[in-house]
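Structural features, examined
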Amino acid sequence: MPKKSDIQSSRFQEKATAAQACEGAARPHSLRSGNCLSGASPSNTAPPNCTKLIEGTKVLRTGVDSLYLSYRGLLNTESEEVLLKLKMLAQSEDFEDKAKAVYELNDHHFEVKDKGKGRFPFVLVDNWYHLQVSRSSSQSLPMLYVQIASEILSRSGVRPSVTNLNSIAMRLGKLDGMATVSRVDLCVDFVTDQDLANLQRHSWVTRANLVSKHYEKNQFTGYTFGMGGRLSSRLYNKTLEIEKSGKDYFLPLWKEGGWDGESTVWRLEYQFKREVLNEIGIRTVQDLQDKKSALWSLASNGWLRLTILQVTDDTKSRWPNHPLWDVLTNAPWGGDRNEPLYRSRKTRPPSEQHLFINGIGAITSFMAIKDITDFDEGIAEFQRAAHDYHHRVRFPKTQKTLGIYAREKASEKGRRFNTNFDGEESGTSAEAYRKAKEGE
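Here's what I pulled together on the structure shown here. (Residues numbered from 1 in each chain as written. Predicted model: local features only at pLDDT ≥ 70, side-chain atom pairs only at ≥ 80, totals over all residues. Heavy atoms only, no water.)

**Considerations on the pairing of strand E13 (residues 231-237)**
We apply this condition: Each residue gets one of three labels from its accessible area relative to the maximum for its type: buried under 20%, exposed over 50%, partly exposed in between, using a 1.4 Å probe on protein chains only. The way it works is that DSSP assigns letters per residue, a run of H or I at least four long becomes a helix, a run of E at least two long becomes a strand, and they are numbered from the N terminus. The criterion for strand pairing is that DSSP finds at least two bridges linking the strands in question.
The element E13 is extensively covered by neighbouring structure, given that 6 of its 7 residues are classed as buried. With 4 bridges joining them, strand E12 (residues 219-225) and E13 adopt antiparallel strand pairing. What sits directly across from Thr224, in E13, is Arg234. Connecting E12 to the next strand, E13, in antiparallel fashion are 5 residues, including Gly226 with a positive phi near 65°. As judged from the 7 bridges shared by E13 and strand E14 (residues 266-273), these two strands associate in the antiparallel manner. When the bridges of E14 are listed, Tyr236 appears paired with Arg267.

Shown next as structure tokens:
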């Protein structure tokens, strides 16, 4: 009797072959003919000019947006001892101790969190990786479970991102084999003239049980399909999302793909969890690299489709694809983008907008209260008033000052931002800081 894995692999090969056949010559007859309704029953929902619609739609980029990997193995006892000490420092109420909860590893300054996540007791974070680490005695959990950030995947690609991560994993413990893929999010970013907000719900043919349409302040933002399941999808306004998240590293990538700098960019994204990946034979990073194009085609041809609704035909499998969907389904999947890793910062500072717009809110409020119109005068008066307030109200019985308090807060934020700023000074300043901190 054939093994289950052999059957699954065979099924994947069959599906992959069919998916590849869809790329190009095997498009629906309605597209090959240049007529949206050719070979199909009339429908009052069909776009009047498919060619024009396709010309108004452009794929800007395809890529892996998120990648989650598991590493089997055993954590070094030395690494565990260091992590235990750093976690205790992170839990301290002392700002100076908190600032030291940083794990320096392979030119990374990981913030060590004060709490674990799930069954993993240790969490380390910077702008490239989110690491969850198990104990050295753990037998059931992977040694390491890692999310690779979208920025380095988008700018440098999967291979260099994983190669660098492998070296970190080997420093932490003894590995048992290669990393396995636990989850992957694939995406296509595009612009289109199509009015996505007015697509009819019944034009979406999907195996997902849950389909939602989303708005924010009366503005259409996108659709979600099967959220929370083993396979799910989102179609959403990426331009709007970036305005909130500050992920402006996508902007030059879109311009390389032909973006005009103004048009709304939409994203179609699939999230594949471990169960789905195992079923179709994707376990290692190399498997993913070899099969991501076929993986995308399988999801877009079988699990979810945007169709031209046929009111006289109840068999949805016969409904032709919407022209927009054929453009997205057949988006080109090339190799990794090869921007050097070092161009992506490991630190996580707040955006300039947060610093220089939100950050001056207290100063402008102070200026309004004190009837000050000159900004520089406002900063100077604000500084004097802030020193006086902290001396009178916050620290009246100690030698602690606003300057010492600010340095404490900055050192704590240096840990969170991965900047390795610890706030320490030398000489008399350090002694004054110690005395004030201890209330002498």
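What follows picks up the thread again.
**Quick word on the environment of Asp388**
Note the cut-off: Nitrogen and oxygen atoms within 3.5 Å of one another constitute a polar contact, given that in protein one can donate a hydrogen and the other can accept it, and given that sequence-neighbouring residues count only through two side-chain atoms.
Mapped onto the secondary structure, Asp388 falls in helix H15 (residues 375-394). With 14 residues separating them along the chain, Asp388 and Leu402 place their C-alpha atoms 8.7 Å apart. Only 2.7 Å separates the side chain of Asp388 from the side chain of Arg392, close enough to count as a polar contact.

**Focus on H15**
Note the following rule: Expected helix span is taken as 1.5 Å per residue step, with the number of steps being one fewer than the number of residues. By definition, the arc is the one covered by directions from the helix axis to the C-beta atoms. Should any heavy atoms of two residues lie within 4.5 Å, those residues are considered in contact.
For H15, with 20 residues, the first-to-last C-alpha span of 26 Å sits near the 28 Å given by 1.5 Å per residue. For H15, the full list of buried residues reads Gly378, Ala386 and His390. Take H15 and look down its axis: the buried residues cluster within an arc of 90°, on one side only. Elements that come into contact with the buried residues of H15 comprise helix H14 (361-370) and helix H16 (402-416). Residue Asp374 occupies the N-cap position of H15, its side-chain oxygen lying 3.2 Å from the main-chain nitrogen of Asp376.

**Things to note about the packing of helix H7 (residues 158-172) against helix H11 (residues 285-303)**
Where we set the bar: To obtain each axis, a line is fitted to C-alpha atoms, and for helices this fit is confined to the stretch in contact; angles are then taken between N-to-C directions over 0 to 180 degrees. Every angle not falling under 35 degrees, over 145, or within 65 to 115 is termed oblique; those three ranges are roughly parallel, roughly antiparallel and roughly perpendicular. Each residue gets one label: Ala, Val, Leu, Ile, Met, Phe, Trp, Tyr, Cys and Pro are nonpolar, Asp, Glu, Lys and Arg are charged, and the others, such as Gly, are polar.
Close contact between H7 and H11 brings their axes to 11 Å; oriented N to C, the two are set at 175°. By the criterion of interaxial angle, the relationship of H7 to H11 is roughly antiparallel. Taking contact as the criterion, the partners of Val158, Arg159 and Val162 in H7 are, on H11, Val285, Gln286 and Gln289. Its residues assigned to classes, the contact of H7 with H11 shows 3 nonpolar, 2 polar and 1 charged.

**As for the side chain of Thr224**
Within the secondary structure layout, Thr224 lies in strand E12. At 2.9 Å, the side chain of Thr224 and the side chain of His214 are in polar contact. With residues near it in sequence (within four places) discarded, Thr224 still touches Leu210, Val211, Ser212, His214, Ser233 and Arg234.

**Overview of the pattern of salt bridges**
Opposite charge on two side chains lets them pair, provided their charged atoms get close. Here is the rule: Each salt bridge in this description consists of a side-chain nitrogen of Lys or Arg and a carboxyl oxygen of Asp or Glu lying within 4 Å of one another.
Throughout the structure, instances matching the rule amount to 15 salt bridges. Note that Arg183 is salt-bridged to Asp185, the shortest N-O span being 2.8 Å. Judged by relative accessible area, Asp185 falls into the buried class, the value being 3%. Here the salt bridges share partners, and the residues they tie into one network are Arg61, Asp65, Asp189, Arg234, Arg267 and Glu269.

**Quick look at the environment of Ser66**
Looking at where Ser66 falls in the secondary structure, it is placed in strand E1 (residues 58-71). Separated by 119 residues in the primary sequence, Ser66 and Asp185 have C-alpha atoms spaced 5.1 Å apart. When residues no more than four places from it in sequence are discounted, the contact partners of Ser66 are Gln147, Ile148, Leu153, Arg183, Val184 and Asp185.

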